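# Residue-level structure breakdown
So you can see what is in the structure, the chains are spelled out below.
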Amino acid sequence: MEKYSIDPSSFDFLKAENFLRKTIKAIDGRLLPVSTVFCVGQNYVKHIEELKSINVGKPLIFIKPPTSIIEIGQDIQYPSFSSQVHHEVEIAIYIGKGGKNIEPVDIPEHIGGFAIALDLTCRDIQSEAKKNQGPWAISKGFDGSSPISPIYPFSFVKNDITKLNQMHFYLKKNNDTVQNGDGSLMIFPITTLISYISKHFTLEVGDIILTGTPEGVGPIEKGDTLSFGGDDVEEVSFVVR
Ligand code: ZN
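In what follows, the accompanying structure is described.

Definitions and limits used
- Residues numbered from 1 in each chain as written.
- Predicted model: local features only at pLDDT ≥ 70, side-chain atom pairs only at ≥ 80, totals over all residues.
- Helix = DSSP H or I, 4+ residues; strand = E, 2+ residues; numbered from the N terminus.
- Rg over C-alpha atoms; globule rule 2.2 N^0.38 Å.
- Buried ≥ 20, exposed ≤ 12 C-beta atoms within 10 Å, placed from the backbone.
- Contact = placed C-beta atoms within 7 Å.
- Pairing = 2+ DSSP bridges.
- Axes fitted to C-alpha atoms, helices over the stretch in contact; angles between N-to-C directions.
- Core = buried A, V, L, I, M, F, W, Y, C linked by C-beta atoms within 7 Å.

We now examine the overall build of the chain. Across its full length, the chain carries five helices and 17 strands. The C-alpha atoms of the chain give 19 Å as radius of gyration, which agrees with the globular expectation for 241 residues (18 Å, within 12%). Judged by the C-alpha coordinates and their principal axes, the chain covers about 65 × 40 × 35 Å. The buried share of the chain, reckoned over its 241 residues, is 38%. Of all intrachain contacts in the chain linking residues separated by at least 6 positions in sequence, the fraction that spans at least 24 positions is 74%.

Dropping the structure here:
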């Protein structure tokens, strides 16, 4: 058999700019790296009820790629392969220090910041996946499926994990409030979630954790404006195209 001939130009893509990571803006304009987006499903009782799901007694974790993140100034592109995209508004945690097997008591030092984000979901594709016991990757991780506010430094709330766990947040669709969240109603609070995730995955700087949506999820349409914010998080808006 003939051997592969190694053409030195084959690896021309190995240029420094191809190694720059995706970034996201902090509230002061600084650019922060973005790694994996970890999401938590079914973390609020009333949302479990509205989807007629069952509480399995432990956090339901799935991941989305960095390309799911979009920030203010970008539009939500309605995916061509779905006809039922739902909004889910959630508290987002930005990991500022990586780690593995992090104990709940040590969680605060790993939190670099927080934000409010959407976990857009192709509900039609997700329902089919649930029925066939297939993965949620396409229904959850498509391009632009995680619109997010700028990241606020955790010190802004004086490292107060309690305040973060009790954050109020909301989503307006075309100026009507469609979701109202209260972090204190999370089944698994932020410390438990991060500790649990870090037992299964090594967390890295730039990982973002979406902590689950409260009830009130519903469809979005092209032309809608989605605005969301929360305690200490100024409202941001995205248009669906
Ligand atoms: Zn979600």
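This part covers the sheet that holds strand 15 (residues 218-219). Across the sheet, which stays open at both edges, the three strands sit in the order 9-6-15 with antiparallel pairing between neighbours. What marks the edges here is a single partner per strand, and that holds for strand 9 (121-122) and strand 15. Bridging between strand 6 (residues 85-87) and strand 9 involves two bridges; their strand directions are antiparallel. Looking at strand 9, one finds that His86 is bridged to Thr121.

The next subject is the pairing of strand 3 (residues 37-41). Regular strands show a simple pattern: their side chains alternate between the two faces of the sheet. Counting buried positions along strand 3 yields five of five residues, so the element is predominantly enclosed. Covered by surrounding structure in strand 3 are Val37, Cys39 and Gly41 together with Phe38 and Val40, the residues of both alternating faces. Relative to strand 4 (residues 60-64), strand 3 is paired through five bridges, and the arrangement is antiparallel. Along strand 4, the bridge assignment pairs Val37 with Lys64. Note: strand 3 against strand 14 (residues 208-210), three bridges, orientation parallel. Each bridged residue has a counterpart across the sheet, and for Cys39 the counterpart in strand 14 is Leu210.

Turning next to the environment of Ala92. Of note, Ala92 is situated in strand 7 (residues 89-95). Sequence-wise, Ala92 and Gly113 are 21 residues apart; in three dimensions their C-alpha atoms are separated by 8.5 Å. Other than its neighbours up to four places away in sequence, Ala92 contacts Phe114, Ala115, Ile116, Ala117, Ile148, Ile208, Ile209 and Leu210.

Attention shifts here to the sheet that holds strand 12 (residues 168-173). Hydrogen bonds between backbone atoms are what pair the strands of a sheet, whose relative direction is either parallel or antiparallel. In spatial order, the strands read 13-12-16-17; together these four strands make up an open sheet with antiparallel pairing. Either end of the sheet is taken by a strand with one partner, and the two such strands are strand 13 (176-182) and strand 17 (233-239). Between one strand and the next, the sheet's axes are offset by a mean angle of 15°, whatever the strand orientation. Taken together, the five bridges between strand 16 (residues 225-230) and strand 17 define a ladder with antiparallel strand orientation. Within the sheet, the bridge partner assigned to Ser227 lies in strand 17 and is Ser237.

The next point concerns the nonpolar core. Among the nonpolar cores identified, the biggest contains 50 residues, and Ala92, Ile93, Phe114, Ala115, Ile116 and Ile209 are the most heavily contacted of them. Excluding its chain neighbours within four sequence positions, the residues that come into contact with Ile93 are Ile111, Phe114, Ile190, Ile194, Ile209 and Thr211.

With respect to the element layout, Cys122 can be found in strand 9. The class of Cys122 is buried, set by 24 C-beta atoms lying within 10 Å. Once the C-alpha coordinates of Cys122 and Gly141 are considered, the two residues, 19 residues apart in sequence, prove to be 9.4 Å apart. In this view, Cys122 contacts Pro79, Ser82, Gln84, Val85, Ile138, Ser139 and Phe142; residues no more than four positions away in its chain are not counted.

This next bit is on the environment of Gly112. Relative to the assigned elements, Gly112 resides in strand 8 (residues 111-118). Of the residues examined, Gly112 has 20 C-beta atoms within 10 Å and is grouped as buried. Residues Gly112 and Lys97, spaced 15 residues apart in sequence, show a C-alpha to C-alpha distance of 7.0 Å. Apart from residues no more than four positions distant in its own chain, Gly112 is found in contact with Tyr94, Ile95, Gly96, Lys97 and Phe154.

Below, the discussion takes up unusual backbone geometry. Phi at Asn175 takes a positive value of approximately 75°, unusual for a residue other than glycine. Positionally, Asn175 belongs in the loop between strand 12 and strand 13. The exposed category is assigned to Asn175, around which 7 C-beta atoms lie within 10 Å. The phi torsion at Asp232 lies on the positive side, around 65°, for a residue other than glycine. Looking at the secondary structure, you find Asp232 in the loop between strand 16 and strand 17.

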